[in-house]
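# Residue-level structure breakdown
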2 protein chains.
Amino acid sequence: MANYAVGVDFGGTKVLASVVDVKSGKIAGSAKIRTSLFDSGDALMDRIYDVVDGALKDAGMKAKETQGIGVGIAGQVNAEKGLLIDTANLSRSVVDLPMASLLTKRYGVDAAIRNDVQIAAIGEHRFGAGKGIGDFICIFVGTGIGGAIVRNGELIPGAAGNAGEIGHTMLMADGRICGCGGRGHLEAYASRTAITKAILGDLRRGRKSIVTDLIDDLDPTAEHAAIRSGILKKAVQKKDKVVIEAVSDAGKYLGMGLSSVVNFVNPQRIILGGGVMESVDLLFEQAEYWTRREALPYAGEQVEIVRSKLGDFSGVVGAAVIAAGA
Amino acid sequence: MANYAVGVDFGGTKVLASVVDVKSGKIAGSAKIRTSLFDSGDALMDRIYDVVDGALKDAGMKAKETQGIGVGIAGQVNAEKGLLIDTANLSRSVVDLPMASLLTKRYGVDAAIRNDVQIAAIGEHRFGAGKGIGDFICIFVGTGIGGAIVRNGELIPGAAGNAGEIGHTMLMADGRICGCGGRGHLEAYASRTAITKAILGDLRRGRKSIVTDLIDDLDPTAEHAAIRSGILKKAVQKKDKVVIEAVSDAGKYLGMGLSSVVNFVNPQRIILGGGVMESVDLLFEQAEYWTRREALPYAGEQVEIVRSKLGDFSGVVGAAVIAAGA
């Protein structure tokens, strides 16, 4: 029993928790619920309690039988203090939430919190596409775009703890406003949110797309209308022009951003994951093409560009690994 | 005598060589000549022999009395083989030049070659603005823009040896053509070359600038017309509007590029150096302002932005340090 820990991955659309065997990376039980942009701190914690309880139940275990609970969350985190500082893509009202101590209080086990992408990178490094690779970068494309830098087998935290935030690197000076408030950031061009905005814009201008058939109550003018990755995948398969163009543009922009990473950090391998990257092959293909095309020749030929191996579970596996201090 | 080594810094406009005391960083003698874009491999080596001979003469020493010769050069380098692979901003015809073995053959001492920015970063780390700092980034703005990443006191080479190439990170997707052939790279917006092009463009469109008085034979339509850093400095001091605008734009773009670095690599300190950065205060001020403005709040407040301390000599000092294996 001492091999198990609970990992929680709190993303832009869902919270996933799993009880993970931290020696093998195997999943013993899981639970998943949706998230809401309008959560207060209490509501956000309740969501986490729900999925942790659910995962433990699914695994037939009690919290005390695990080595602890790890949480990865999309936002700025103070790992040392177990504090969620700020999160642009999730609840907008939550600041300085003492997540780790709240979890320890409720479950009586150790708890740790990290940036969601950093824990996903740890998962990939331990049991996935980064296994045995010393220098790599993980990029996860979903509601936002996150990244993490692993060097000599260790995650680079950065002076302020936010190294790897590739979503907030400049792609287009003075360009589109980003979720973080900045301008021209990669995330505003290549995330699922950006793809959604491009498609909804086309619909508002009267272009026809199969997404209006695939989504029952789609309102292209609603502020928080979202098109899920599964829908994008179906639309691409059905050769929907609007979606193919939006995804291709995002892939091109992503590749341009990745070429910066290749030129600046020059990693051995780039691991691409996240919801929309998992679902939509076209995005991966375009991103790879444009990365190699735009990078400096020597570095661009040499870099390995691969998909994440743990898929949806890289986050929970990594979170369990840090919870176990393994 | 055993403390001395020769450092050579081969840049876009000049080659500087110094005999350096590698225990103290002190300069015992120097020599400097201009470079030419039209050098063959032989001509390029002759230039290096000239300045090495000159620096040794100035120091009153013979090559055999030094621990070796180190060269930093703006281009892609294979440090292990002592090979200059390719250089976009210097001679366009030189590829795969076995620089280290040629130097050893002529002078009978060990020789080493590195990217010019990497050796400048080593100089700053050992004796300059990076002394005692574990995690920093050096950015040098001159004919081109180069950078180097130091982490835990060590220079990060990158998988293909070109980590730190911030000049070739994306600032403006599908933007200006860069010297490297890529599009939208920072170097095409914030280097001295970019500033020069902006000013010459203004002159061709009939705007008036004091630079036409400060440079005797300036031909705004000549392909390789260059405006040196000293001229830019004078023009800014004399409140020349054309130059102030061009430098301010470059500083803004540079800051936007640096904000990417702050968000992605999140260094403790950024050291800014290079010819035009040394000369023109306005460029530093604008770059610092825009870096902090565009970076993620927490990381942007926390990062230290300082000037290089060794100025023109960071390269030769670093080159001497690697030559001595010190």
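Here goes a summary of the coordinates provided. (Residues numbered from 1 in each chain as written. Chains lettered and ligands numbered in written order. Predicted model: local features only at pLDDT ≥ 70, side-chain atom pairs only at ≥ 80, totals over all residues. Heavy atoms only, no water.)

## Digging into the relation of the copies chain A and chain B
Mapping chain A onto chain B calls for a screw motion: a turn of 180° about the axis and a shift of 0.0 Å along it, with 0.0 Å RMSD after fitting. Taken together, the rotation and translation relating the two chain copies correspond to the operation of a two-fold axis. In terms of C-alpha distance to the rotation axis, chain A has A:Met172 as its closest residue, with the C-alpha 2.1 Å off the axis. (Least-squares fit on C-alpha atoms with pLDDT ≥ 70 in both.)

## Quick notes on unusual backbone geometry
Non-glycine residue A:Asp174 carries a positive phi angle of around 60°. Its place among the elements puts A:Asp174 in the loop between strand 11 (154–155) and helix 4 (187–190). Since its relative accessible area comes to 39%, A:Asp174 is described here as partly exposed. Its identity as a non-glycine residue notwithstanding, B:Asn266 has a phi of 55°, on the positive side. Locating B:Asn266 in the fold gives a position in the loop between helix 8 (241–264) and strand 12 (269–273). (Helix = DSSP H or I, 4+ residues; strand = E, 2+ residues; numbered from the N terminus. Buried < 20%, exposed > 50% of the residue type's maximum accessible area, 1.4 Å probe, protein only.)

## As for a positive patch on the surface
Residues and elements named next belong to chain A. Together, Arg34, Arg228, Lys234 and Lys238 make up a positively charged patch on the protein surface. By the secondary structure assignment, Lys234 is in helix 7 (residues 229–237). According to the relative accessible area criterion, Lys234 is partly exposed, its value standing at 43%. (Patch = residues over 30% accessible without salt bridge, like charges linked within 9 Å, V, L, I, M, F, W, Y side chains within 5 Å. Areas by Shrake-Rupley, 256 points an atom, 1.4 Å probe, with all protein chains shown as cover. Salt bridge = Lys/Arg side-chain N within 4 Å of Asp/Glu carboxyl O. Lys, Arg positive; Asp, Glu negative; His and termini not counted. Charge placed at Lys NZ, Arg CZ, Asp CG, Glu CD.)

## What about the packing of helix 8 of chain B against helix 10 (residues 281–294) of chain B?
When two helices pack together, you describe them by how their axes are tilted relative to each other and by the distance separating the axes. Residue and element names in this part refer to chain B. In contact at an axis separation of 7 Å, helix 8 and helix 10 are set at 40° when each is read in the N-to-C sense. Here helix 8 lies oblique to helix 10, going by the angle between them. In the packing of helix 8 onto helix 10, the handedness of the crossing is right-handed. A per-class count over the contact of helix 8 with helix 10 returns 11 nonpolar, seven polar and two charged. (Axes fitted to C-alpha atoms, helices over the stretch in contact; angles between N-to-C directions. Parallel < 35°, antiparallel > 145°, perpendicular 65-115°, else oblique. Left-handed = near helix turned anticlockwise from the far one by under 90°. Nonpolar A, V, L, I, M, F, W, Y, C, P; charged D, E, K, R; others polar.)

## Topic: the nonpolar core
Counting residues in hydrophobic clusters, the biggest one holds 115 residues, and the most contacted among them are A:Ile199, A:Leu254, A:Leu272, B:Ile199, B:Leu254 and B:Leu272. Filtering out sequence-adjacent residues up to four positions away, A:Leu272 remains in contact with A:Ile139, A:Leu258, A:Met277, A:Phe284, A:Ala287, A:Ile305, A:Val306, A:Arg307 and A:Ser308. (Core = buried A, V, L, I, M, F, W, Y, C linked by side-chain atoms within 4.5 Å. Contact = heavy atoms within 4.5 Å.)

## A few points about the sheet that holds strand 2 (residues 14–21) of chain B
All names here are of chain B. Taken together, the five strands give an open sheet; going across it, the order is 3-2-1-4-8, and neighbouring strands pair in mixed fashion. Since the sheet does not close on itself, it has two edges, and those belong to strand 3 (27–34) and strand 8 (111–115), each with one partner. Averaged over all adjacent pairs, the angle separating strand axes in this sheet is 15°, with direction ignored. Packing against the sheet, helix 3 (residues 116–127) makes contact with strand 1 (4–10), strand 4 (69–73) and strand 8, and its axis sits at approximately 100° to strand 8. (Pairing = 2+ DSSP bridges.)

## What to know about the environment of B:Pro98
Residue and element names in this part refer to chain B. Among the structural elements, Pro98 can be located in the loop between strand 7 (95–97) and helix 2 (99–107). Its relative accessible area of 32% is what places Pro98 among the partly exposed residues. Along the primary structure Pro98 and Thr87 are separated by 11 residues, whereas in three dimensions their C-alpha atoms are 14 Å apart. If near-sequence neighbours (up to four positions away) are discounted, Pro98 is found in contact with Gly82 and Leu83.

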